[in-house]
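Descriptive structure summary
What follows is the residue order along each chain.
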Amino acid sequence: MSDLGFVFRQPPHGTTSGREGLDALLAASAYTEALSVFFIGDGVLQLVKHQQPNAILSRNYSATFKMLPLYDIENIYVCQQSLADRGLCSEDLLIDAIIRPRAELVTTLHCCRQILTF
């Protein structure tokens, strides 16, 4: 059971939601190891390789997701249906993640005591 669940549902650029969620996730890792991270819907786009946000004058923070293992964050889940809906597969992702069907993700998400959505 995880104490905290972080859910990324927004695309990576256009708002600061993804970057703020990543900052909160890394900060929370200093206090607990009981963390789970979920990428659902457009949130799967946070993990896509070769992003070029400079074209829209945004900062590229996506490479910071590669640091999650250094912070002992290992429960990283990606929605299989969300990937398929966007024409993506596991090879398109920056990091290794546990790819699960949506129903399994929801079950895992319900095991979290607190959920933060970004």
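As a reminder, the structure under discussion sits directly above these lines.
The structure displayed is predicted, hence computed values, not measured ones. (Residues numbered from 1 in each chain as written. Predicted model: local features only at pLDDT ≥ 70, side-chain atom pairs only at ≥ 80, totals over all residues. Heavy atoms only, no water.)

Quick notes on unusual backbone geometry
If you check the backbone angles, His50 has positive phi at about 60° while not being a glycine. The residue His50 is located in the loop between strand E2 (35–39) and strand E3 (75–79) in this model. Despite not being glycine, Asp72 has its phi angle at roughly 60°, a positive value. Take Asp72: its relative accessible area is 43%, and that puts it in the partly exposed class. (Helix = DSSP H or I, 4+ residues; strand = E, 2+ residues; numbered from the N terminus. Buried < 20%, exposed > 50% of the residue type's maximum accessible area, 1.4 Å probe, protein only.)

Observations concerning the packing of aromatic side chains
Taken as a whole and judged by the stated rule, the model has 7 aromatic pairs. Taking 5.0 Å as the distance between ring centres and 15° as the angle between the ring planes, the aromatic pair formed by Phe8 and Phe39 counts as stacked. Highlighted residues: Phe8 in strand E1 (residues 4–8) and Phe39 in strand E2, separated in sequence by 31 residues. On the numbers, 5.2 Å between centres and 15° between planes, the contact of Phe38 with Tyr77 is stacked. Taken as a pair, Phe38 in strand E2 and Tyr77 in strand E3 lie far apart in primary sequence, 39 residues in all. A single burial state applies to Phe38 and to Tyr77, both of which are buried. An aromatic cluster of three or more residues is present, and its members are Phe6, Phe8, Phe39, Tyr61, Phe65 and Phe118. (Phe/Tyr/Trp six-rings, centres within 6.5 Å; stacked < 30°, edge-to-face > 60°.)

Considering the pattern of salt bridges
Side-chain pairs of opposite charge can arise where the charged atoms are in close proximity. One pass over the full model with this rule turns up 3 salt bridges. Here Asp3 makes a salt bridge to Arg113, at a shortest N to O gap of 3.8 Å. With a gap of 110 residues between them, Asp3 in the segment before E1 and Arg113 in the loop between helix H3 (102–109) and strand E5 (114–117) connect regions that are remote in the sequence. What makes Arg113 exposed here is its relative accessible area of 59%. For Glu104, the salt bridge identified is with Arg100, shortest N-O distance 3.5 Å. (Salt bridge = Lys/Arg side-chain N within 4 Å of Asp/Glu carboxyl O.)

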